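One-letter residues, chain by chain:
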Amino acid sequence: MMQIGLNHYLVLSTILFSIGLIGVMRRKNLLMLFFATEILLNSVNISFAAISHYYGDLTGQMFAFFVIAIAASEVAVGLGLLIVWHKKHNNIDLDFMSTMRG
Amino acid sequence: MELFLYTALFSPLVGSLFAALFGASPKTKIAGIIPSALLGLSFISSSILLVSILSGNGAVHVEMMTWMSAGNLYIPFGFVVDQVSVTMMMVVTLVSTVVHVYAIGYMDHDKGFNRFFSYLSAFVFSMMILVMSDNFAGLFIGWEGVGLCSWLLIGFWYHKESATWAANEAFIMNRIADLGMLIGIFLVYWNTGTLQYEQAFAAMPSLENDVLTWMGVFLFIGAMGKSAQFPLHTWLADAMEGPTPVSALIHAATMVTAGVYLVVRAHPLYHLIPNIGIFIASLGAFVALFAASMALVNRDMKRVIAYSTLSQLGYMFVAAGLGAYWVALFHLMAHAFFKALLFLGAGNVMHAMHDELDPFKMGGLNKAMKGTFIMMTIASVALAGIYPLAGFFSKDLILEVAFVENHYIIYTVLLFTAGLTAFYSFRLVALIFHGEERYKLFGIHPHEAYKFMLIAMSPLLFLAVIAGSFKMTYFEMVTQVLPASEYHVHSSLTFWIMTIGTQLFVAAAILFAYKKYTRRDIKVPDGTSKMENSFAYKLLINQYYIPFAYQEYVVKPYREVSSLFWTHVDQKIVDATVDGIAHTFYKIGEETRDMQSGNLSIMLKWMVAGTVALLSLAVVFGLSVKYATEIKLFLSGLGV
Amino acid sequence: MVEHILSILIFFPALAAVLGFVVHKDSVRSYGVAVATIEFMLSMWLWLVFDPTLSGMQFVEQIALVPTFGINYIVGVDGISLFIVILAAFFTMLGIASLGETKNIKNMIITLLFLQMTMVGVFLALDAIVFYVFWELSLVPMLYLIGAWGGPLRIYASVKFFLYTFTGSLVMLVGMLFMAYLYHRTTGNWSFSILEWYRLQLPFEYQIWLFLAFFVGFAIKVPMFPFHTWLPYAHGQAPTIGSVILAAILLKMGTYAFIRFSLPLFPDASVYFMYPIAVLAIIMIIYTAMVAYAQKDIKQVVAYSSVSHMGVIVLGTFALNVEGITGSIFLMIAHGVVSGALFLLVGVIYDRRHTKLMSEFGGLASVMPRYATIFGIMMMASVGLPLTINFVGEFMSLLGFYKQSHILTLLAGVAIIVGAIYMLTAYKKMFFGVVTKDENRNLPDVNKTELLALIPLAIVTVWLGVYPKVLLEPISTSVKPLVEFMHEKAITAEAKARISTMAVKVDNTKIPTGEAH
């Protein structure tokens, strides 16, 4: 039986991070973008928790909680803005949001 | 004695400032009279100083105040009246007093009357500083001061293009020489540690010959500019654009002799470097001949006299260069008298002829202008060096010096030039005062100058006649500071042959000039005669094409290179580089602004790309640090 | 009060500028004149209480700003900075007093007063950070002066001026930070105090790099060739008052900084770079003089002549002996007076004809005789005639450098020739000849307001030309220990030999006479 070690968690985290990164780059829907961001954050959380366990130091897990809390508030604000935008423009496609064009 | 020294020095300044007060107001006689009176005062003070020195009192030396001091540099305003400077003071104050009084009449109808006296007195003040200073820096003040006044006075009629051009030419030419002088002063300072004449000259014998040579050369370059020696001579003839009293005072009697004065003053230096002395003498002889040749054909009365001045300055440099400093100074003095007289006479003629300068358009003026005629003739005789007038004593002495010192080439050149001098002087006299009254063709009615102008000229006339008799007194006085070498031709037979021979030669030249130019068929040259088309004539009338060459090969290229520097180098290279760099940044901004498309998706992609780039950089650096030794080994294996 | 006089000198104009916002528009001119006059009086008082026999810093004030990094507000004055401060106060006073009809005059006067604070601050600061702050702050009012009151190309000119000098100063700032770091590494303490930096003995390689970093900042400010091209634009576009202050004071910051920073901090590097800098200075002198000759606009002639004269100042500074450095400091004052006056004079004719092209004039001597006379005096001073202020500085600068190199001094001396060429030509074009343009026939001569500024300048020009001792004495008192200090501090043998205060030994017949042979 193979022991599940730190490396496995880190590989999982990397895979998740890559999925999140590709999602951030490829998705055109704002809602999907939020999902991708959540995946990114959670991939980091996994490595925090894993490394924290590995070193027997709780700081990493504490930090993961912080991340979760901030991610939650971020999503709350983001979703609020998203709904307002959807009400105003009736779509949430990223390609239409280019008022900051330089 | 200090009181007299300060009076002599500062009364011209007071006069100048007084006249300057009226600078903007219309002509007031008083603006001419007061400066003249103050100059008279200056003359009297100088005379008192002269008497004091003649009676055996030592030199008067005062230090008025500090001018510059920093580090080891210490330059005071110091003045010294010794045998040499008192001679110069006498010449300067006497001639300038005469010229001032004369100018009251001459400038009578000019609306710049007040201004003129202000400038003229300022000139005298500068000249006094020049000759009285006890150090090189003070000399330089006077040197530049007379340059400034000369600029102001040559360009006095500033509405005339030719006058302002000549003024600028004179100033710039002198500046070129002044640079040499300045370098000479620096050399003196860094090698002797002082600029005071006394200490500097005392230190010179212990210096290396090389250093002394360079000192002598650079100081002499300064002298060449002021005294208009070749190749910086062109400004003197052009300076005749100024009013005639200016030509008499500045460009004949005083300022142009400053170079000679410098060499005489620096005699302890030139004594140590006889090679430079020979060079000075040779250049002097060359200029004497060169200038005299140009005077032969010139058709501008004032320019002829100017060339004659140049030629006489050459004589003085011969004497100074050969170590006969007192002879140079003596000729300087005598020359100042008769040349100023000649110029003032020419001024009378110009007035009478309504500023006509071509002697071919005059003729027969001796009836209308008797006084002027006599004065100019006597001045010309003195210039030619006929016994017993002043020129005989001073000029023949220079010939003797050259002969005794065994410089036979110089002697021959000078002798020949003496003949030329006599010829062109009397060519002028003959054309102006004798022969047909050609001026009638031009509808001019000549009249004699004011009587007081003639009276003002009379001291000069007197001195031009008798100055020679002071020779021995003068010799005894001035040789207390200058080397007392008497020049006697060894056998009295040679002496008499030389003297009489010279006199006969000169007299023959005079007669030839009279014969040639008092003829009835003299006409205003119109460029058709055979002589006027000869090569020699063309060469001489165009002043050996030197002004032309300067214009063509110096002035024009300078102007062209200047505008090239501006339009091409400054704007197209230097500034364009700066703008180019700025432009690059603008361009980069312009090109990369598309990255800011405002599209979140694209921005996120850039963000990811940036993160990846930074991470990979970190990895590469980390690895290269980790494997530094291996990489080095590998690279050295490759022979890097 | 006297112990705080320097801070008062710096901050009084700034305070007055702030208060100026509430002054009514009609009375702001007299307010400005009053403030500037008080400031000038204060600077004269500083001169009065200044002890010319002391060589060190006087009236030093020190207030800790950021103690952790050793940043302090330190100000002090010595013979080197004293007269430039007075000059700054003098010119601000004259400038405000002679202001003609100007739009937004309130803003202009406030700007000028603010500018005065920065100028005085730069010359009095003894802490590198404080120095840097004032140095950069001085750009802002100048940018505003050119940008708001300038000619048609004012935006380009002001932006160019700002960015160019700012870029240079940033490099200088890096140098300052590195210098502080080195100080920290050597002594364990942070310090930005210039006087403490002086005591730091730097290895030769560090000196070279630091010298270059400072050089970039200073050289652009001076401006040295080839960094000079911002100057003609700035002068060409700036209003008269802007040009006057720029030429008279702001440019001096660069040359002053050479003496305050480069020489005592890096004596070996100064010697190492002496010849290259001298060559640059000579190019500056001759090349810009020729460019000045080619100009058609009288203001550009004066602008380029400024660059040419700054070359002599730089040369005198790098003579590295008492005569040369004293001369160059004196020439800073002299050039300030003369070029400031020339710009004022150009302003006079510009106000009347709204053109600066020389071809538009001619024969002005008969129309405006007083103007022609004052212009003539200033021109002769600019040409460096003895008994005018410029000559003393030029003479001593060149005399000083002659000891270092004969042939280079000879080349630099060409300044007196080329200077005469462009100045006399310009004068001839403007004043001589007959009046050809009808517009010029009835031009009014200089009026009382203009005379108010010009007469004092003419007096100073002659007074300090005849009696420069009043300035030379305090200056050389401060310069002498500086040179001695550099001599002591120098580590290379060449630098020790080049920087010497030894008197000339007359009996020494083996003095090298160098390249002149």
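Because the structure is predicted, anything quoted here is derived from the model rather than measured.

**What to know about the overall build of chain B**
At step 1: Across its full length, chain B carries 25 helices and 2 strands.
At step 2: Projected onto its principal axes, the C-alpha coordinates of chain B cover approximately 110 × 60 × 50 Å.
At step 3: Out of the 640 residues belonging to chain B, those deemed buried represent 53%.

**Considerations on the overall build of chain A**
At step 1: A count of helical and extended segments in chain A gives 3 helices and 0 strands.
At step 2: Seen through its principal axes, chain A has C-alpha atoms that stretch 55 × 30 × 25 Å.
At step 3: Per-residue burial over chain A gives 13% buried out of 102 residues.
At step 4: When contacts within chain A are restricted to residue pairs at least 6 apart in sequence, those whose partners lie at least 24 apart make up 45%.

**Here's the deal with the interface of chain B and chain C**
At step 1: Residue-level contacts link 50 residues of chain B with 55 residues of chain C.
At step 2: Breaking the side of chain B that touches chain C down by element, the ones donating at least two residues are β1 (60-70), α5 (136-154), α6 (161-192), α8 (209-226) and α23 (546-592) of chain B.
At step 3: Split by residue class, the side of chain B that touches chain C holds 27 nonpolar, 15 polar and 8 charged.

**Side note on the nonpolar core**
At step 1: Counting residues in hydrophobic clusters, the biggest one holds 437 residues, and the most contacted among them are A340, L341, L414 and A464 of chain B.
At step 2: A total of 20 residues in this core trace back to one element, the largest contributor, which is helix α15 (residues 325-352) of chain B.
At step 3: Non-local contacts of A464 of chain B, meaning those with residues more than four positions away in its chain, are made with F337, F338, L341, I378, A379, A382, L389 and A390 of chain B.
At step 4: Of all hydrophobic cores here, the second largest spans 5 residues; its members include L30, L33 and A36 of chain A together with L604 of chain B.

**Comments concerning the arrangement of the chains**
At step 1: Of all 2 pairs of chains in contact, the one with the most contacts involves chains B and C.
At step 2: In this view chain A stays clear of chain C, with the nearest C-alpha atoms of the two still 23 Å from each other.

**Remarks on the packing of helix α2 (residues 28-49) of chain C against helix α3 (residues 79-97) of chain C**
All names here are of chain C.
At step 1: For the pair α2 and α3, the least separation of the axes is 9 Å and the interaxial angle reads 160 degrees. Taken together, the axis directions place α2 and α3 in an arrangement best described as roughly antiparallel. Relative to α3, the crossing made by α2 is left-handed. Counting all contacts with α2, which are made through G32, V33, A36, T37, E39, F40, S43, M44 and W47, the residues of α3 involved are L82, V85, I86, A89, F90, T92, M93, I96 and A97.
At step 2: Its residues assigned to classes, the contact of α2 with α3 comprises 13 nonpolar, 4 polar and 1 charged.

**Overview of the packing of helix α16 (residues 370-384) of chain B against helix α19 (residues 451-466) of chain B**
All names here are of chain B.
At step 1: Taken N-terminus to C-terminus, the directions of α16 and α19 make an angle of 25 degrees; their axes are 10 Å apart at the nearest point. It follows from the interaxial angle that α16 and α19 lie roughly parallel. Considering only the axes of α16 and α19, their crossing is left-handed. Side by side, α16 and α19 meet where G371, M375, I378, A379 and A382 of the first sit next to L454, M457, L461, A464 and V465 of the second.

**Thoughts on α16 of chain B**
Residue and element names in this part refer to chain B.
At step 1: In this model, α16 (15 residues) spans 21 Å end to end at C-alpha, consistent with the 21 Å of a helix rising 1.5 Å per residue.
At step 2: Burial analysis of α16 places 11 of its 15 residues in the buried class, the great majority of the element.
At step 3: Among the residues making up α16, those that are buried are T372, F373, M375, M376, I378, A379, S380, V381, A382, L383 and A384.
At step 4: Among the structural elements, α14 (301-321), α15, α17 (390-404), α18 (408-433), α19 and α21 (492-517) are those in contact with the buried residues of α16.

**Brief notes about the pairing of strand β1 (residues 58-66) of chain C**
Residues and elements named next belong to chain C.
At step 1: Of the pairings in the sheet, the one linking β1 to strand β2 (residues 71-77) comprises 6 bridges and is antiparallel in character. What sits directly across from E61, in β2, is V75.
At step 2: Counted along the chain from β1 to the antiparallel partner β2, the turn is 4 residues long, and its residue G70 has a positive phi close to 65 degrees.

**Remarks on the interface of chain A and chain B**
At step 1: Each partner contributes residues to the interface: chain A has 12 residues there, and chain B has 10 residues.
At step 2: Taken together, the residues of the side of chain A that touches chain B sort by class into 6 nonpolar, 3 polar and 3 charged.

**Overview of the pairing of strand β2 (residues 73-81) of chain B**
Residues and elements named next belong to chain B.
At step 1: Counting buried residues in β2 gives 8 out of 9 residues, a clear majority hidden from the surface.
At step 2: In this structure, β1 lies alongside β2, joined through 9 bridges in antiparallel fashion. Its bridge partner being in β2, V60 is matched across the sheet by V81.
At step 3: Counting the residues that bridge the hairpin from β1 to β2 gives 2 residues, and of these G71 lies at a positive phi of roughly 60 degrees.

**Description of helix α9 (residues 204-221) of chain C**
Residue and element names in this part refer to chain C.
At step 1: Over its 18 residues, α9 extends 26 Å from the first C-alpha to the last, a length consistent with the 26 Å expected when each residue adds 1.5 Å.
At step 2: Maximum bend of α9: about 30 degrees, positioned at F215.
At step 3: Buried within α9 we find Q207, L210, F211, A213, F214, F215, G217, F218, A219, I220 and K221.
At step 4: Structurally, α9 contributes buried residues whose contacts are with α7 (154-187), α11 (240-265) and α12 (267-272).

**Quick notes on the environment of V75 of chain A**
At step 1: Looking at where V75 of chain A falls in the secondary structure, it is placed in helix α3 (residues 59-89).
At step 2: Put simply, V75 of chain A and D95 of chain A are 20 residues apart on the chain and 21 Å apart in space, counted from C-alpha to C-alpha.

**Some remarks on the environment of M90 of chain B**
Residues and elements named next belong to chain B.
At step 1: Among the secondary structure elements, M90 is positioned in helix α3 (residues 83-106).
At step 2: Residue M90 is classed as partly exposed on the basis of its 18 C-beta neighbours within 10 Å.
At step 3: Each C-alpha atom of the pair M90 and M333 lies 8.9 Å from the other, and the pair is 243 residues apart in sequence.
At step 4: With residues up to four places along the chain from it excluded, the contact list for M90 reads S46 and L50.

**Overview of the confidence of the model for chain B**
At step 1: Model confidence for chain B is summarised by a mean pLDDT of 88, while 100% of its residues fall at 70 or above.
At step 2: The complex prediction reports pTM at 0.89, with the ipTM value standing at 0.90.

**Some details on unusual backbone geometry**
At step 1: In this chain, F230 of chain B is followed by P231 of chain B through a cis amide linkage whose omega measures 5 degrees.
At step 2: By the secondary structure assignment, P231 of chain B is in the loop between α8 and α9 (234-238).
At step 3: With an omega of -10 degrees, the peptide bond between V222 of chain C and P223 of chain C qualifies as cis.
At step 4: Checked against the element boundaries, P223 of chain C lands in the loop between α9 and α10 (230-237).
At step 5: At H354 of chain B, a residue that is not glycine, the phi angle is positive and equals roughly 55 degrees.
At step 6: In this structure, H354 of chain B sits in the loop between α15 and α16.
At step 7: The phi dihedral of N104 of chain C falls on the positive side, at around 55 degrees, and the residue is not glycine.
At step 8: Looking at the element boundaries, N104 of chain C is found in the loop between α3 and α4 (105-124).
At step 9: A count of 12 C-beta atoms within 10 Å places N104 of chain C in the exposed class.

**Quick notes on the environment of F69 of chain C**
At step 1: Here F69 of chain C lies in the loop between β1 and β2.
At step 2: Placed 60 residues apart in sequence, F69 of chain C and I129 of chain C show a C-alpha to C-alpha distance of 11 Å.

How each quantity is defined
- Residues numbered from 1 in each chain as written.
- Chains lettered and ligands numbered in written order.
- Predicted model: local features only at pLDDT ≥ 70, side-chain atom pairs only at ≥ 80, totals over all residues.
- Helix = DSSP H or I, 4+ residues; strand = E, 2+ residues; numbered from the N terminus.
- Buried ≥ 20, exposed ≤ 12 C-beta atoms within 10 Å, placed from the backbone.
- Contact = placed C-beta atoms within 7 Å.
- Nonpolar A, V, L, I, M, F, W, Y, C, P; charged D, E, K, R; others polar.
- Core = buried A, V, L, I, M, F, W, Y, C linked by C-beta atoms within 7 Å.
- Axes fitted to C-alpha atoms, helices over the stretch in contact; angles between N-to-C directions.
- Parallel < 35°, antiparallel > 145°, perpendicular 65-115°, else oblique.
- Left-handed = near helix turned anticlockwise from the far one by under 90°.
- Expected span 1.5 Å × (residues − 1).
- Pairing = 2+ DSSP bridges.
- Bend = angle between axes of the 7 residues up to and from the residue.
- pLDDT = per-residue confidence, 0-100.

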